[in-house]
Amino acid sequence: MNGTRTITLPRLPDPGTIPETMIAQVIRQDRFGDPATAFQAEEIPTPPVGPDDVLVAVMAAGVNYNNVWAARGVPVDVIRSRQRSGEPYDFHIGGSDASGIVQTVGRDVTGIAVGDEVVVHPGVWDMDDPWIAAGRDPMTAPSARIWGYDTNFGSFAQLALAQSHQIMRKAPHLSWEEAAAPTLVGTTAYRMLFGWSGNIVEKDDVVLVWGGSGGLGTQAIQLVRHAGGIPVAVVSSPDRGEHCVLLGAAGWIDRTEYSHWGVPPHWTDAAQREWTAEARRFGKAIWDIVGARRNPAIVFEHSGEATVPTSVFVCDGGGMIVICAGTTGFSAMVDLRYHWTRQKRLQGSHGTNDAQAYAYNDLVCAGDIDPCVGRVVGFDEVGRVHSEMGEGSSPPGNTVVLVGAPEPGLGKSGPRVSL
Ligand code: NAP
């Protein structure tokens, strides 16, 4: 199915009014496992709106890998984790990307009005956190969380609850589903590429992008190109590679043509030679695409255990491997010989702060970033599309679920605007 909603959602009251209940795609602990069955549509009481909160009537919701993890209940049981910190709810409403219309605002919220057309960025934190009060990056604060994964009442529901600083204007030239597609992956990619001083993307830098046709990868390729860098994509098939080229990649490497993935043999094991030969062959494929013996100044990592040893091997001296996930596993191995002698940086990165999210959204509003909608599905398909994402069989680009929007293509309110 492409685009139409099969569950008939009850009509929300007019903006400004809060209904007692809403329909949401809900995960419960006794359904943890395959996302296809972990998500079920249920009627849930509308959450209370705090003084600094904004309640958004969701028109469309973007699908991200984090709610594959939430549905499986591993590596973290997000429901139990929140209950431990005092929250009463025995369910999880996920969804870390939304486009929609402001339904109501808390009493202390300024600058956001009922009826505004908005998108939501996924960085959540406690404004009273001493780390933040001291002027440090909120996303490294102990209270920092990812909206609609660590927190409840995300966008797979008629109404989503966000903190006011998460609210950003929706790009007027985008439809609801286009606007809902890229914010989590785009802001994460922005922080990875421009958030780590000393190793931000500069003109002519080679950047290796794992999973180039996926959610993060499609955004990273565009952001690198926009900064004047040279993105080289890694993919698992030629059609995915060609998709990356359309977005601005200088070329692509098919990872299925290599055999050295995962934890390499121990350095005392003679089999390490074969591993190193494959890693060298992979590095040469980067040089062939770039047309010079130039290694990546930045390696954009999220695949984790299967690829980190190669990422560390091919990264340029003084360069950075920046990593935001371990999709293939968490026991990544670093051969320190390649790491310290060439003074490489292995940098963790997570989510976004406000400044990074607003800078990214400015690029989207200016029309500089394609939101890369891969497919649009109905509200009753939230479980199925997460299941496919977990199996790695999603089509290229971002999957979006229509929630309040009755059909695809709506929500464009005029020509592109310049900021
Ligand atoms: P996605 O759309 O499913 O893309 C992931 C890509 O990884 C796929 O396109 C696939 O491309 C590639 N891949 C799969 N298996 C691989 C392997 N064995 N080796 C190398 N590449 C492999 O997911 P996404 O939205 O980009 O997210 C990727 C990961 O980042 C997820 O684990 C997600 O939870 C995490 N994430 C973290 C943050 C954060 O703030 N920390 C934010 C966003 C996402 P090919 O098969 O074509 O190679």
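In this text the structure is predicted, and so the values were computed from the model without any measurement.

## Structural notes on the domain arrangement of the protein chain
Then, number 1: Each assigned domain of the protein chain is listed here: domain 1 (21–183 + 353–402) and domain 2 (196–348).
Then, number 2: Each of domain 1 and domain 2 has a C-alpha centre, and these two points are 29 Å apart.
Then, number 3: In this assembly, 16 residues from domain 1 lie in contact with 12 residues from domain 2.
Then, number 4: Interface area for domain 1 against domain 2, summed over the two sides, is near 1100 Å², with a carbon-plus-sulfur share of 63%.
Then, number 5: Broken down residue by residue, the surface that domain 1 buries against domain 2 is led by Ile369, Cys372 and Pro396, which jointly contribute 34%.
Then, number 6: Applying the counting criterion to the domain 1 and domain 2 interface returns zero salt bridges.
Then, number 7: At the boundary of domain 1 and domain 2, one finds six residue pairs in polar contact (both at pLDDT 80 or more).
Then, number 8: Each residue belonging to the side of domain 1 that touches domain 2 can be placed in one class, and the counts come to 10 nonpolar, four polar and two charged.

## What to know about the site of the ligand
Then, number 1: The immediate surroundings of the ligand are formed by 25 residues, with Gly215, Ser236, Arg255, His350 and Gly351 found nearest.
Then, number 2: At 2.8 Å, a backbone N or O of Gly215 approaches an oxygen atom of the ligand.
Then, number 3: Taking Arg255, its side chain carries an N or O atom lying 2.7 Å from an oxygen atom of the ligand.
Then, number 4: Elements represented by at least two residues in the shell around the ligand include exactly helix 2 (66–72), helix 6 (183–194) and helix 7 (215–226).

## Some points on the pairing of strand 13 (residues 298–301)
Then, number 1: Burial along strand 13 is two-sided: Ile298 and Phe300 and Val299 and Glu301, pointing in opposite directions, are all buried.
Then, number 2: Where strand 13 and strand 14 (residues 320–323) come together, four bridges link them in parallel fashion. Residue pairing across strands places Phe300 opposite Val322, the latter belonging to strand 14.

## A short note on the sheet that holds strand 15 (residues 345–348)
Then, number 1: As summarised here, the arrangement of the six strands in space is 12-11-10-13-14-15, forming an open sheet in which the pairing is parallel. Of all the strands in the sheet, just strand 12 (251–254) and strand 15 have a single pairing partner and so form its edges. Across the sheet, the mean angle separating the axes of adjacent strands is 20° when strand polarity is ignored.
Then, number 2: Pairing of strand 11 (residues 230–235) with strand 12 involves four bridges; the strand directions are parallel. If you follow Val235 over to strand 12, its bridge partner there is Asp254.
Then, number 3: Relative to the sheet, helix 6 contacts strand 10 (206–209), strand 13 and strand 14, its axis offset from that of strand 13 by approximately 150°.

## Quick look at the side chain of Lys344
Then, number 1: Take Lys344: it is sitting in the loop between helix 11 (336–340) and strand 15.
Then, number 2: Buried and without a salt bridge, Lys344 has Asp316 as its closest oppositely charged side chain, separated by 7.1 Å.
Then, number 3: Only 2.8 Å separates the side chain of Lys344 from the backbone oxygen of Cys315, close enough to count as a polar contact.
Then, number 4: In this structure Lys344 touches Val312, Phe313, Cys315, Asp316, Gly318, Gly319, Ile321, Tyr338 and His339, once residues within four positions along its chain are discounted.

## A look at the state of the cysteines
Then, number 1: In total, this model carries zero disulfides according to the counting rule given.
Then, number 2: With no disulfide partner, Cys365 has as its closest neighbouring cysteine sulfur the one in Cys372, 16 Å distant.
Then, number 3: Here Cys372 stays free of any disulfide, with the sulfur of Cys244 as its closest cysteine sulfur at 9.4 Å.

## Some details on the pairing of strand 16 (residues 373–377)
Then, number 1: Looking at chain direction, strand 16 and strand 17 (residues 398–402) are connected through four bridges and run parallel. Within strand 17, the position partnered with Val373 by the bridge is Asn398.
Then, number 2: Crossover connection from strand 16 via helix 13 (residues 382–391) to parallel strand 17: handedness right-handed.

## Description of unusual backbone geometry
Then, number 1: Here the residue pair Val74 and Pro75 is connected by a cis peptide bond, since its omega of 0° sits within 30 degrees of zero.
Then, number 2: Counting through the fold element by element, Pro75 comes out in the loop between helix 2 and helix 3 (78–84).
Then, number 3: Phi at Phe153 takes a positive value of approximately 60°, unusual for a residue other than glycine.
Then, number 4: Within the secondary structure, Phe153 sits in the loop between strand 7 (145–146) and strand 8 (159–163).

## Quick look at the pattern of salt bridges
Then, number 1: Here the structure, examined in full by the defined rule, presents 13 salt bridges.
Then, number 2: Residues Asp137 and Arg191 are paired through a salt bridge, measuring 2.8 Å at the closest nitrogen-oxygen approach. Here the residue Asp137 occupies a position in the loop between helix 4 (130–133) and strand 7, and Arg191 occupies one in helix 6, the gap between them amounting to 54 residues.
Then, number 3: What makes Asp137 partly exposed here is its relative accessible area of 23%.
Then, number 4: Here Arg384 ties to Glu381 by a salt bridge, and the two come within 2.4 Å at their closest N and O atoms.
Then, number 5: On the basis of relative accessible area, Arg384 is assigned to the partly exposed category, the value being 33%.
Then, number 6: When its relative accessible area of 9% is taken as the criterion, Glu381 is described as buried.

Rules and cut-offs
- Residues numbered from 1 in each chain as written.
- Predicted model: local features only at pLDDT ≥ 70, side-chain atom pairs only at ≥ 80, totals over all residues.
- Heavy atoms only, no water.
- Domains from an automatic or database assignment.
- Contact = heavy atoms within 4.5 Å.
- Buried area = accessible area lost by both parts, 1.4 Å probe.
- Salt bridge = Lys/Arg side-chain N within 4 Å of Asp/Glu carboxyl O.
- Polar contact = N/O pair within 3.5 Å; in protein donor to acceptor, adjacent residues only side chain to side chain.
- Nonpolar A, V, L, I, M, F, W, Y, C, P; charged D, E, K, R; others polar.
- Near = heavy atom within 4 Å.
- Helix = DSSP H or I, 4+ residues; strand = E, 2+ residues; numbered from the N terminus.
- Buried < 20%, exposed > 50% of the residue type's maximum accessible area, 1.4 Å probe, protein only.
- Pairing = 2+ DSSP bridges.
- Axes fitted to C-alpha atoms, helices over the stretch in contact; angles between N-to-C directions.
- Lys, Arg positive; Asp, Glu negative; His and termini not counted.
- Disulfide = S-S within 2.5 Å.
- Right-handed = clockwise from strand over helix to strand, strands pointing away.

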